[in-house]
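Spelled out, the chains give:
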Amino acid sequence: MDLAPPGGALVAEPVLLASAVLFRLPAVARTRHRLDDPGRCLYLFLAAPLLDLPAVGMVAAGHTAAGLAMIVGMLPVGIAAAAVTWSWVNREEREALADEAAHLGGGDPVAR
């Protein structure tokens, strides 16, 4: 079984790189189209197992080294999902503490 991409590497590699960048834009870009924190968490946590499906297929087809390399290559998606979730939880906690302090301090939390 030949695993060479159709059109050769000169076509396949730039297409794969462009698709990887476009896939990650909603989660990492600082544009008006960026997902909010819950959306980014969901996007990344759902993407991680979906991106590993082709790697599982490679392992099942007998290409163990290639499949494992693909799975290891997708580990940063899981790490990014955990980091985004941790950042979101910490930001929510800081905002809740600030609102509580403003309320206890006599400040109007709605006026903020």
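Preceding this paragraph is the structure being described.
Novice: Could you give me a rundown of the packing of helix H2 (residues 37-60) against helix H3 (residues 64-73), with the residues and numbers involved?
Specialist: The interhelical angle for the contact between H2 and H3, taken along N-to-C directions, is 165 degrees, at an axis separation of 7 Å. Put simply, H2 runs roughly antiparallel to H3. Two packed elements cross with a definite hand, and for H2 against H3 that hand is left-handed. Counting all contacts with H2, which are made through Asp 52, Pro 54, Ala 55, Met 58 and Val 59, the residues of H3 involved are Thr 64, Ala 66, Gly 67, Leu 68, Met 70 and Ile 71.

Novice: How would you explain the nonpolar core if you had to name every residue and give the values?
Specialist: Buried together is how nonpolar side chains tend to be arranged in soluble globular proteins. In this structure, Ala 27, Cys 41, Leu 44, Ala 48, Val 77, Ala 81 and Val 84 together form the largest nonpolar core, which totals 7 residues. Apart from residues lying up to four places away in sequence, Val 77 is in contact with Arg 24, Leu 44, Ala 48 and Leu 51.

Novice: Which residues make up a nonpolar patch on the surface, and what values do they have?
Specialist: Together, Leu 17, Val 21, Leu 22 and Leu 25 give the surface a local cluster of nonpolar side chains, amounting to about 380 Å² of exposed area. Mapped onto the elements, Val 21 comes out in helix H1 (residues 9-28).

Novice: Can you lay out the pattern of salt bridges for me, pointing to particular residues and giving the numbers?
Specialist: Tallying each qualifying case throughout the model produces 2 salt bridges. One salt bridge connects Arg 40 with Asp 37, and the closest N-O pair in it is separated by 3.7 Å. Here Arg 40 pairs with Asp 37, and both are found in helix H2, just 3 residues apart, close to one helical turn. Each member of the pair, Arg 40 as well as Asp 37, is classed as buried. We note a salt bridge from Arg 91 to Asp 37, for which the minimum N-O separation is 2.6 Å. Residue Arg 91 is located in helix H4 (residues 75-104), and its partner Asp 37 is located in helix H2; the two are separated by 54 residues in the primary sequence. Under the relative-accessibility criterion, Asp 37 is labelled buried at 14%. Through salt bridges with shared partners, one network takes in Asp 37, Arg 40 and Arg 91.

Novice: Can you explain H4? Please cite residues and give values.
Specialist: Taking 1.5 Å as the rise per residue, H4 with 30 residues should run 44 Å; its terminal C-alpha atoms sit 44 Å apart, in good agreement. Listed as buried for H4 are Val 77, Ala 81, Val 84 and Ala 102.

Conventions we followed
Residues numbered from 1 in each chain as written. Predicted model: local features only at pLDDT ≥ 70, side-chain atom pairs only at ≥ 80, totals over all residues. Heavy atoms only, no water. Axes fitted to C-alpha atoms, helices over the stretch in contact; angles between N-to-C directions. Helix = DSSP H or I, 4+ residues; strand = E, 2+ residues; numbered from the N terminus. Parallel < 35°, antiparallel > 145°, perpendicular 65-115°, else oblique. Left-handed = near helix turned anticlockwise from the far one by under 90°. Contact = heavy atoms within 4.5 Å. Core = buried A, V, L, I, M, F, W, Y, C linked by side-chain atoms within 4.5 Å. Buried < 20%, exposed > 50% of the residue type's maximum accessible area, 1.4 Å probe, protein only. Patch = residues over 30% accessible without salt bridge, like charges linked within 9 Å, V, L, I, M, F, W, Y side chains within 5 Å. Areas by Shrake-Rupley, 256 points an atom, 1.4 Å probe, with all protein chains shown as cover. Salt bridge = Lys/Arg side-chain N within 4 Å of Asp/Glu carboxyl O. Expected span 1.5 Å × (residues − 1).

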